[in-house]
Amino acid sequence: MKTQTISQATYNTFINEIRANKIQQVTIKSRWIEYQLKAEFGGQRYRTQKHDSDENLISVLSRQNIEFSLVNDNSESTNSLVAMLLSSGLLIGAFAWLAKLSTENGGIGVGMRMGKSNARVYKKSKTGISFADVAGVDEAKQELQEVVDFLQNGAKYRQIGAKIPKGVLLVGSPGTGKTLLAKAVAGEAGVPFLSMSGSEFVELYVGVGASRVRDLFSQAKRQAPCIIFIDELDAIGKSRGNNPNGGNDEREQTLNQLLTEMDGFDGNEGVILIAATNRPEILDPALRRPGRFDRQVLVDRPDKSGRIEILKVHSRKVVLGENVDLTEIASQTGGFAGADLANLVNEAALLAARNNGQTVLMTDFNEAFERVVAGLEKRSRVLTPIERQTVAYHEVGHAFVGALMPGGNKVAKISIVPRGLGALGYTLQTPESDRFLMLEDELRGKIATLLGGRAAEKAVFNKVSTGASDDIQKATELAEKAVTEYGMSKDLGPVAFAKNEGQFLEGFTSRRTVGVEVAGEIDRLVKQNIEQGYEIALKIIEFNRDLLDSTTQTLLKNEVLEGEQLQTILSLVKAPEELKTFLQG
Ligand code: ADP
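Now for a quick tour of the structure. (Residues numbered from 1 in each chain as written. Predicted model: local features only at pLDDT ≥ 70, side-chain atom pairs only at ≥ 80, totals over all residues. Heavy atoms only, no water.)

1. A closer look at helix H14 (residues 338-354)
Moving on, step 1. The terminal C-alpha atoms of H14 lie 24 Å apart, and with 17 residues this matches the ideal 24 Å at 1.5 Å per residue to within 8%.
Moving on, step 2. Regarding H14, the residues found buried are Gly338, Leu341, Leu344, Val345, Ala348, Leu351 and Ala352. Viewed end-on, H14 has its buried residues packed into an arc of 155 degrees, placing them on one side of the element.
Moving on, step 3. The inward-facing, buried residues of H14 abut helix H12 (304-314), helix H13 (326-332) and helix H15 (362-374). (Helix = DSSP H or I, 4+ residues; strand = E, 2+ residues; numbered from the N terminus. Expected span 1.5 Å × (residues − 1). Buried < 20%, exposed > 50% of the residue type's maximum accessible area, 1.4 Å probe, protein only. Arc of directions from axis to C-beta. Contact = heavy atoms within 4.5 Å.)

2. A word on the site of the ligand
Moving on, step 1. Residues in close proximity to the ligand total 15 residues, the closest being Ala135, Gly175, Lys178, Thr179 and His314.
Moving on, step 2. Thr176 places a polar main-chain atom, nitrogen or oxygen, 3.3 Å from a nitrogen atom of the ligand.
Moving on, step 3. Within the backbone of Gly177, an N or O atom sits 3.1 Å from an oxygen atom of the ligand.
Moving on, step 4. For the ligand, whose accessible area on its own is 560 Å², the fraction buried by protein is 78%.
Moving on, step 5. Every element with two or more residues in the shell around the ligand is listed here: helix H7 (178-189), H12 and H14.
Moving on, step 6. Split by domain, the shell around the ligand shows at least three residues from each of two domains, domain 2 (120-298) and domain 3 (304-374). (Near = heavy atom within 4 Å. Polar contact = N/O pair within 3.5 Å; in protein donor to acceptor, adjacent residues only side chain to side chain. Areas by Shrake-Rupley, 256 points an atom, 1.4 Å probe, with all protein chains shown as cover. Domains from an automatic or database assignment.)

3. Considerations on the sheet that holds strand S2 (residues 23-28)
Moving on, step 1. Judged by pairing direction, the sheet is mixed, and its five strands sit side by side in the order S1-S4-S3-S2-S5 without closing on themselves. Since the sheet does not close on itself, it has two edges, and those belong to strand S1 (6-8) and strand S5 (67-70), each with one partner. Along the sheet, successive strands turn relative to each other by an average axial angle of 25 degrees, direction set aside.
Moving on, step 2. Relative to S5, S2 runs parallel, the two being bridged by four bridges. Each bridged residue has a counterpart across the sheet, and for Ile28 the counterpart in S5 is Leu70. (Pairing = 2+ DSSP bridges. Axes fitted to C-alpha atoms, helices over the stretch in contact; angles between N-to-C directions.)

4. Describing the sheet that holds strand S12 (residues 409-415)
Pairing between the strands of a sheet comes from backbone hydrogen bonds, and it takes one of two forms, parallel or antiparallel.
Moving on, step 1. Judged by pairing direction, the sheet is antiparallel, and its three strands sit side by side in the order S13-S12-S16 without closing on themselves. Because the sheet does not close on itself, it has two edges, and the strands there are strand S13 (426-431) and strand S16 (560-562). For this sheet, the mean inter-axis angle between neighbouring strands, taken without regard to orientation, is 25 degrees.
Moving on, step 2. By the bridge criterion, three bridges tie S12 to S16 in an arrangement that is antiparallel.

5. Regarding the packing of helix H16 (residues 385-404) against helix H17 (residues 440-461)
Moving on, step 1. With their axes 7 Å apart at the nearest point, H16 and H17 run at an angle of 135 degrees to one another. On the basis of their axis angle, the class for H16 and H17 is oblique. As H16 runs across H17, the sense of the crossing is right-handed. For the pair H16 and H17, the contacting residues are Ile386, Gln389, Thr390, Tyr393, His394, Gly397, His398, Val401 and Gly402 in the first and Ala448, Thr449, Leu450, Gly452, Gly453, Arg454, Ala456, Glu457, Val460 and Phe461 in the second.
Moving on, step 2. Looking at the contact of H16 with H17 residue by residue, the class counts come to eight nonpolar, nine polar and two charged. (Parallel < 35°, antiparallel > 145°, perpendicular 65-115°, else oblique. Left-handed = near helix turned anticlockwise from the far one by under 90°. Nonpolar A, V, L, I, M, F, W, Y, C, P; charged D, E, K, R; others polar.)

6. Thoughts on helix H18 (residues 469-484)
Residues three or four positions apart in an α-helix share a direction because the helix packs 3.6 residues into each turn.
Moving on, step 1. Here H18 is 16 residues long and its end C-alpha atoms lie 22 Å apart, about the 22 Å a rise of 1.5 Å per residue gives.
Moving on, step 2. Of all the positions in H18, only Asp471, Ala475, Leu478, Ala479, Ala482, Val483 and Thr484 are classed as buried.
Moving on, step 3. Buried residues belonging to H18 abut H16, H17, strand S14 (498-500), strand S15 (509-511) and helix H19 (516-543).

7. Details of the packing of H16 against helix H20 (residues 545-558)
Moving on, step 1. The interhelical angle for the contact between H16 and H20, taken along N-to-C directions, is 125 degrees, at an axis separation of 9 Å. Here H20 runs oblique to H16, going by the angle between their axes. When you trace H16 past H20, the crossing you get is right-handed. From H16, Arg388, Gln389, Ala392, Tyr393, Val396, Gly397 and Phe400 reach across to H20, where they touch Leu547, Leu548, Asp549, Thr551, Thr552, Gln553, Leu555 and Leu556.

8. As for the pattern of salt bridges
Moving on, step 1. Counting across every chain of the model gives 22 salt bridges.
Moving on, step 2. Residues Glu34 and Arg45 are paired through a salt bridge, measuring 3.5 Å at the closest nitrogen-oxygen approach. Taken together, the residues Glu34 in strand S3 (residues 32-37) and Arg45 in strand S4 (residues 45-49) connect sequence positions 11 residues apart.
Moving on, step 3. Its relative accessible area of 8% is what places Glu34 among the buried residues.
Moving on, step 4. For Arg45, a relative accessible area of 19% translates into the label buried. (Salt bridge = Lys/Arg side-chain N within 4 Å of Asp/Glu carboxyl O.)

9. Section: the environment of Glu377
Moving on, step 1. Of note, Glu377 is situated in the loop between H15 and H16.
Moving on, step 2. The spatial distance from the C-alpha of Glu377 to the C-alpha of Leu424 is 9.7 Å, given a sequence separation of 47 residues.
Moving on, step 3. Discounting chain neighbours no more than four positions away, the residues touching Glu377 are Glu367, Val417, Pro418 and Arg419.

The following block contains the structure:
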């Protein structure tokens, strides 16, 4: 037999060659690892010193389909696999990293692993998350509490002949805590948690997604009781039949496989599927029928008391200053989802640390809030005097009009410090309480407030600037919705001309097909709404012109107006007679 020389290689080279998928075979001995490259890479044999290894080496090799053998050439020191499994150290890091690389998109050996599910598996209770970490979504928590009971005390339900539900669908806006809830269920029930995102199933090659679904379920059944979590279910669960590319594409096969798998297991086996989506309306009806995702749980944006609870959860690890009032922060942050609040607390803590503070103060929260809503301060952006003046008049214009409008929105701050990507100044309005409906007059008032900036520019300079483009965009959207979605126009009546297709997402609106005349009428009414708003804004500005000038001068000097000083000024803003008629429509 031809003997082959064995060259020495560094450990680093060994790892790199695994990553490059160059290795044919590996022999793990007590002190050495010998390996041979594939023929196309020269077939050379190498030897490298073995370090304290761990189970990950073996799992990486097997996952990569690299042939390997364990040779016990020293019975004393290597009783061996056990020793290897128990030992730990630096290498765990290296292999954990390799394993991670190979399981995340692409990475090593993706070709060979194509049909594997790539699910991230969190072992028993390792999600480290419990219901105490999720706040402000009490109804959803209650529903899921039951799922925990199914997993823990399955026998109780089976005995009486009840069928345990197979699937729970969490629906709600992004960042409201759907993933967190699913992890909490796994944490509370103390069962493994297999997590995958809908988009991770689908590859370019037909059949891969389906085979990943199969693999995921077989993995889950082996580990039952456990939870499978599929995030962004809409990526594979989109309704079939409205696909422009024909009927049999990759996504559909994946969905079919998912439906088959869901039928093929019994909730009583101890596998519960939890999925999340923010577009439930586009899901295939087959997914939602009883026996598949029997339960739908709404994970809503939190109300004020919910926001207080979420802020408490996230500030548990943060050293709060005495003056921090979480209730006050919760009132300011209407519309924030859990993820936004988590981000707010973290931003405040970062700011406090950057200022070398010992505790996080209310000022840090206020600054963080503005950062989150308006972007970073850009003091370096130098405006010409005339630009600054325009911006200042523009913002005071918004504030004056806003101060007179109904709806309980308080103008809390005006600033002409540039922030974020485009804002040269901003006016902050905070709701006094959570609102779930907007009345007709409030909607009109909002349009007028948005146009208050443009009106001030026009009244003062008799020239307008490009600065109002975002306001105009928003005002137009609102005016259009009033006519096409909310049925608020007298002429067209309560007819819907557009359909909001993204219940939990903005910007998924489609127009119904309408006749030319109706389309013209819609355009006319939208324009009329806008014009009326603009006119009343102009009236308010002209009626309060002196106050507008003096306030703008103060703002130019101080850059920011807020608190009592601002409220005193705004209480002096007088309403012109026409306001009443305008609000009545
Ligand atoms: P979703 O899956 O709904 O898009 P996530 O569950 O991924 O949202 O939420 C992202 C992060 O936001 C969480 O890790 C958590 O820190 C925070 N968060 C969201 N909702 C809540 C909540 N209800 N309570 C506490 N934290 C929350």
